[in-house]
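# A closer look at the structure
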Amino acid sequence: MSPRVLKRFIILLATLTVVMVIATDVLDGFLTKEPGDFETERGTHRLEDGELDEAMAHFNEALEESPNHRGALMGRALVYIQQERYGHAVRELDHLIDFLNETLVPDDRTGRGVLAAAYANRGIIRDRRGEYERALEDYIASLRVDDDTVAGPGVVHKILYGSSHVSTVRDRARYLYEQLQLPEAQRVMRVPEIDAQQRMHRP
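Let us look at the structure shown here. (Residues numbered from 1 in each chain as written. Predicted model: local features only at pLDDT ≥ 70, side-chain atom pairs only at ≥ 80, totals over all residues. Heavy atoms only, no water.)

## Digging into the pattern of salt bridges
- Here the structure, examined in full by the defined rule, presents 13 salt bridges.
- The salt bridge partner of Asp49 is Arg46, with a shortest N-O separation of 3.3 Å.
- A single salt-bridge network, built from bridges that share partners, covers Asp94, Arg122, Arg126 and Asp138. (Salt bridge = Lys/Arg side-chain N within 4 Å of Asp/Glu carboxyl O.)

Below, the structure written as structure tokens:
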């Protein structure tokens with residue numbers, strides 16, 4: 001075999017190997033997805049882009065495929081929160097929390113993260129509505145379920161928002177607890193500069 005032919009054969013073989021590796025990864029990802037996962041991912045991308053109607057349409061499609069898809073339920077709740085339709089968001093989170101509390105198995109770390117985020121997001125809504133005692137209960141529940149999920153901003157968050165100064169669930173829970181110990185006339189339940197730093201949670 002001439003060196004030129006050998007070189008072409010090696011290049012062809014290397015190219016085919018790369019194509020096969022990529023094809024295997026794509027196929028594996030496609031085959032291992034659960035019903036509703038694909039539409040939930042599409043909805044999440046639309047949500048991140050601020051395209052709320054499109055996001056909701058994808059989450060609804062995901063729920064048609066899998067009626068209790070936890071990612072889609074969380075996605076719908078986050079859309080409602082962005083639209084300030086807090087009643088709808090709370091109902092969605094209530095359902096998600098009840099469903100997870102009934103079905104979650106101890107070694108499901110992703111599920112625990114979703115449950116912690118659901119409690120935290122419901123707490124934020126109640127906080128915004130002035131339901132401080134109930135908000136505190138949700139914050140505490142969130143921290144008990146999985147405090148890592150709601151611990152605070154990571155590197156990605158700092159890049160996206162340009163700041164690490166974010167009010168965490170633990171910070172807000174501690175603040176609410178301290179204020180609720182004071183006589184009602186002395187309480188300061190809202191600090192707009194700090195409250196504006198609260199972010200919704202998605203595991």
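## Focus on the nonpolar core
- Counting 31 residues, the largest nonpolar core has Met74, Val79, Leu96 and Ile125 as its most contacted members.
- Listed by contribution, the elements that provide at least two residues to this core are helix H3 (52–65), helix H4 (70–82), helix H5 (86–103), helix H6 (109–128) and helix H7 (132–146).
- The greatest single-element share of this core, amounting to eight residues, is contributed by H4.
- Tyr132, Ala135, Tyr139 and Leu176 belong to the second largest nonpolar core, which has 13 residues in total. (Core = buried A, V, L, I, M, F, W, Y, C linked by side-chain atoms within 4.5 Å. Buried < 20%, exposed > 50% of the residue type's maximum accessible area, 1.4 Å probe, protein only. Helix = DSSP H or I, 4+ residues; strand = E, 2+ residues; numbered from the N terminus.)

## Focus: the environment of Thr149
- Mapped onto the fold, Thr149 is located in the loop between H7 and helix H8 (155–161).
- Measuring from C-alpha to C-alpha, the distance between Thr149 and Leu115 comes to 9.6 Å, with 34 residues separating the pair along the chain.

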